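A look at the structure
Each chain, written out:
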Amino acid sequence: MRVLPATVSPFPGETVRSLYNRLVERNSLTAGELWTAIRKSKQGLPLRTTPEAAPDVVARLDDLPANWFDRDDTTNRLFSRCIHNNWAHAQCARCSALPKPVTMCRRCASGMNVEVQSRAGAFCARHERWHYDGRDEAIGIPVAYARAERCLTGTLWARGIGLDTGEIELACEIISTYREFVDRDNSTRSADQRLRDFYPDAVELTAFLTAPSAQAFLRNRQIGHLPVAAMVEAAATAVASRSRHRLKSVHGMFQASGRELRLGDSATKPLRHGRSLEMGALGVLIRDNVPRIRAVFLRHDDARRPPPMRRDRPPRHQ
């Protein structure tokens, strides 16, 4: 197909669908009209508008090289453990996953609605705007959100954790439940609203529960569910208190060696398996969810082997 009369400049990591939608708008077309023309020029495409099925055509329409969307910036991938890097966390072009597409900050995108797959979270520290899911909202405490954004794209990214991998979503649920008990906050929130309201706390709780010492505690299957529920409750309470010293002390309060536990201030006295633990309302509520908590917060440390018949690289853009 020929280049469209009006082209647009692609953003780094922009998805095929995002570029396609901007081309449609720039040329005063509809998505269906342009897709019908593409289907006439290339057989085998679905009837439904699916620009990601023809990335080479979309690239040519914008006067870009046909292989534009095949280019892969590995630095945008989440870290993973695989055989290609001796099982160390690294960004592998074959095994590491690309993050879920997110909308850019509208101010960074000059007011346009742009979707990218890049090393980014939900908050723009430069403009202090919440941009998740196409929003453009001011934040009352931008310093906390900026710190969370740096942690997500730094520490957590290097552990293979992104917005869509499950850990932060579960941390939001835990913090939200804690707030219901402490603040008597009974308002019903959607998952997106929980993410916006509890982003700094959820990121910090995720960083704590995926740190090596907490991982060792979660990985110990001999200690049962109650100690894990107590540890998660203590961590959530410390995070909500905004006290880093208190959160740091939680590491030393929960130690396990086999079936032997050393909990709380009396760490010199082991708590044998089967002894009851005192927990607050949050711990009691989440103890039945310990299998899920373990699975989610240990997920990022699973080693990966490339499955048979897998292409050398996952699709660059969705």
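Residues numbered from 1 in each chain as written. Predicted model: local features only at pLDDT ≥ 70, side-chain atom pairs only at ≥ 80, totals over all residues. Heavy atoms only, no water.

**Section: the side chain of Asp-201**
With respect to the helices and strands, Asp-201 occurs in helix 6 (residues 191-209). Residue classification places Asp-201 among the buried positions, given a relative accessible area of 5%. Among residues more than four places away in sequence, those in contact with Asp-201 are Ile-175, Arg-179, Val-239, Ala-240 and Arg-242. (Helix = DSSP H or I, 4+ residues; strand = E, 2+ residues; numbered from the N terminus. Buried < 20%, exposed > 50% of the residue type's maximum accessible area, 1.4 Å probe, protein only. Contact = heavy atoms within 4.5 Å.)

**Quick word on the packing of helix 5 (residues 167-182) against helix 6**
Interaxial distance between helix 5 and helix 6 falls to 8 Å at its minimum, and their mutual angle equals 105°. With respect to helix 6, the element helix 5 is oriented roughly perpendicular. When helix 5 is examined against helix 6, the residues Glu-167, Ile-168, Ala-171, Cys-172, Glu-173, Ile-174, Ile-175, Ser-176 and Arg-179 are found in contact with a partner set consisting of Arg-194, Leu-195, Phe-198, Asp-201, Ala-202, Val-203, Leu-205 and Thr-206. The class makeup of the residues in the contact of helix 5 with helix 6 is ten nonpolar, two polar and five charged. (Axes fitted to C-alpha atoms, helices over the stretch in contact; angles between N-to-C directions. Parallel < 35°, antiparallel > 145°, perpendicular 65-115°, else oblique. Nonpolar A, V, L, I, M, F, W, Y, C, P; charged D, E, K, R; others polar.)

**Points about the pattern of salt bridges**
The full count for this structure, using the stated rule, is twelve salt bridges. Between Asp-56 and Arg-60 there is a salt bridge, and its shortest N-O distance comes to 4.0 Å. Taken as a pair, Asp-56 and Arg-60 lie in helix 3 (residues 55-61) at a separation of four residues, close to a single helical turn. For Asp-56, a relative accessible area of 23% puts it in the partly exposed group. Exposure remark for Arg-60: the relative accessible area of 32% places this residue in the partly exposed category. One salt bridge connects Asp-136 with Arg-129, and the closest N-O pair in it is separated by 3.0 Å. The class for Arg-129 is buried, based on a relative accessible area of 13%. One connected set of salt bridges, linked through shared partners, spans Glu-137, Arg-189, Arg-196 and Asp-197. (Salt bridge = Lys/Arg side-chain N within 4 Å of Asp/Glu carboxyl O.)

**Examining the sheet that holds strand 5 (residues 123-124)**
Across the sheet, three strands lie side by side as 5-6-7; this open sheet has antiparallel pairing. Looking at strand neighbours, the two that pair on one side only are strand 5 and strand 7 (137-138), the edges of this open sheet. Sheet topology note: the strand 6 (residues 129-130)/strand 7 ladder contains two bridges and is antiparallel. Residue Trp-130 lies in a different strand from strand 7, and its bridge partner there is Glu-137. (Pairing = 2+ DSSP bridges.)

**A look at helix 5**
For helix 5, built from 16 residues, the straight-helix expectation of 22 Å at 1.5 Å per residue is met to within 8% by its first-to-last C-alpha distance of 23 Å. Glu-167, Ile-168, Leu-170, Ala-171, Cys-172, Ile-174, Ile-175, Ser-176, Thr-177, Tyr-178 and Arg-179 are the residues of helix 5 that are buried. Buried-residue contacts for helix 5 involve helix 4 (142-156), helix 6, helix 8 (225-240), helix 10 (281-286) and helix 11 (290-298). The positive-phi residue at the C-terminal boundary of helix 5 is Arg-184, with phi of around 55°. (Expected span 1.5 Å × (residues − 1).)

**A word on the nonpolar core**
Grouped together as the largest cluster of nonpolar side chains are 60 residues, with contacts concentrated most on Trp-130, Leu-163, Ile-168 and Tyr-199. Taken together, the elements giving at least two residues each to this core come down to helix 4, helix 5, helix 6, helix 7 (212-219), helix 8, helix 9 (244-253), helix 10 and helix 11. At eleven residues, helix 8 tops the list of elements feeding residues into this core. With sequence-adjacent residues up to four places away left out, Ile-168 is seen in contact with Leu-152, Leu-156, Gly-162, Leu-163, Leu-195, Ala-202, Val-203 and Thr-206. Residues Val-8, Val-16, Val-24 and Leu-64 belong to the second largest nonpolar core, which totals 18 residues. (Core = buried A, V, L, I, M, F, W, Y, C linked by side-chain atoms within 4.5 Å.)

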